[in-house]
Amino acid sequence: MKILAMDTAGPRLNLSLYEDTALLGKVSLSGVKNHSVILLPALEHLLEDSKIKIKEIDRIVVTKGPGSYTGLRIGVTFAKTLAWTLKKELVGMSTLEVLAANLPNDGLVAPIIDARRQNVYTGLYEKINGQLVNISSDKHTDFKSYGEFLKSFNRPIMLLGETKNFKEEAKTLGLLVNDHLELDYLNPSYLALLGAKKAPEDNILDFVPEYLKLVEAEENWQKQHPGIKDENYVEKL
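Residues numbered from 1 in each chain as written. Predicted model: local features only at pLDDT ≥ 70, side-chain atom pairs only at ≥ 80, totals over all residues. Heavy atoms only, no water.

## Brief notes about the overall build of the protein chain
Check the secondary structure of the protein chain and you find 8 helices and 10 strands. Within the span of the protein chain, comprising 237 residues, buried residues form 47% of the whole. The long-range share in the protein chain, meaning contacts at least 24 apart out of those at least 6 apart in sequence, stands at 62%. (Helix = DSSP H or I, 4+ residues; strand = E, 2+ residues; numbered from the N terminus. Buried < 20%, exposed > 50% of the residue type's maximum accessible area, 1.4 Å probe, protein only. Contact = heavy atoms within 4.5 Å.)

In structure tokens, the structure reads:
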């Protein structure tokens, strides 16, 4: 099975191409300001270097969130369009789960994405015999209360990802903070390999990003329309 994996959830653009467990090609570009501009050229370059045609792809894997609202929309929309047009399988992966896979050894790991104002997107995972198990579901929360929750396990827990603004408090709580920079960035190889094991989406057109938190404009809109919180803000506009 040939797998194309793509990630636009953060400041890096990540792409990888696998045939089963064999890496055919990989792209990681830092400092990308507009994923919509560089995504297609980067993909074309990856396919050309790998001597693979897009129609040969069997499965498309994409990060579904959390992460940048704009970045997620770009990646998910692009992946959906490819999968629907080419009639290929589509798999959505938690950005946090893919980050957690960076833990080099077995143990507990809490991947962190900075959500600003001392809040984080995070979850708790355990790597057991090299396999990831979700212990606590992905969520948007304040770091202090989540740190106390992690402390209650009384076990070593590694924090990795966007930990810069939380290092001191983490150390105060007795939590371990990754100091190997390369482990703080999403690895597109793990995205492809983890995505290979997941069940594909039943309905590609219904697949949407999982932001874990509403954008501020949507939160304000829902405050002004208290009886219709399940309505889609974008459609309303």
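## Re the sheet that holds strand β8 (residues 131–142)
The 5 strands are arranged β8-β7-β6-β9-β10 in an open sheet whose pairing can be described as mixed. Edge positions in the open sheet fall to β8 and β10 (176–177), since each of these has one partner strand only. The sheet contact formed by strand β6 (residues 107–116) and strand β7 (residues 119–128) spans 7 bridges and is antiparallel. Its bridge partner lying in β7, I113 is registered against Y121. Against the sheet, helix α4 (residues 143–151) contacts β6, β7, β8 and β9 (157–161), and its axis sits at roughly 145 degrees relative to β8. (Pairing = 2+ DSSP bridges. Axes fitted to C-alpha atoms, helices over the stretch in contact; angles between N-to-C directions.)

## Concerning the confidence of the model for the protein chain
Model confidence for the protein chain is summarised by a mean pLDDT of 92, while 90% of its residues fall at 70 or above. Low pLDDT, under 50, characterises residues 231–237; the predicted model gives this stretch 8 contacts beyond four residues in sequence or across chains. (pLDDT = per-residue confidence, 0-100.)

## Digging into helix α6 (residues 188–195)
Among the 8 residues of α6, 6 are classified as buried, and the element is accordingly described as predominantly covered. Listed as buried for α6 are P188, S189, L191, A192, L194 and G195. In this structure, the buried side of α6 is in contact with β1 (2–7), β2 (13–19), β3 (22–29), β4 (59–65), β5 (89–94) and α3 (95–100).

## So, the pattern of salt bridges
Tallied over the entire structure, the rule returns 5 salt bridges. Linking E19 and K2 is a salt bridge whose minimum nitrogen-to-oxygen distance equals 3.4 Å. Residue E19 is located in strand β2, and its partner K2 is located in strand β1; the two are separated by 17 residues in the primary sequence. The class for E19 is partly exposed, based on a relative accessible area of 33%. One salt bridge in this structure joins R59 and E89, with 2.8 Å as the shortest N-O distance. In this pair, R59 sits in strand β4 while E89 sits in strand β5, placing the two residues 30 residues apart along the sequence. In this structure R59 comes out as buried when scored by relative accessible area, which is 6%. (Salt bridge = Lys/Arg side-chain N within 4 Å of Asp/Glu carboxyl O.)

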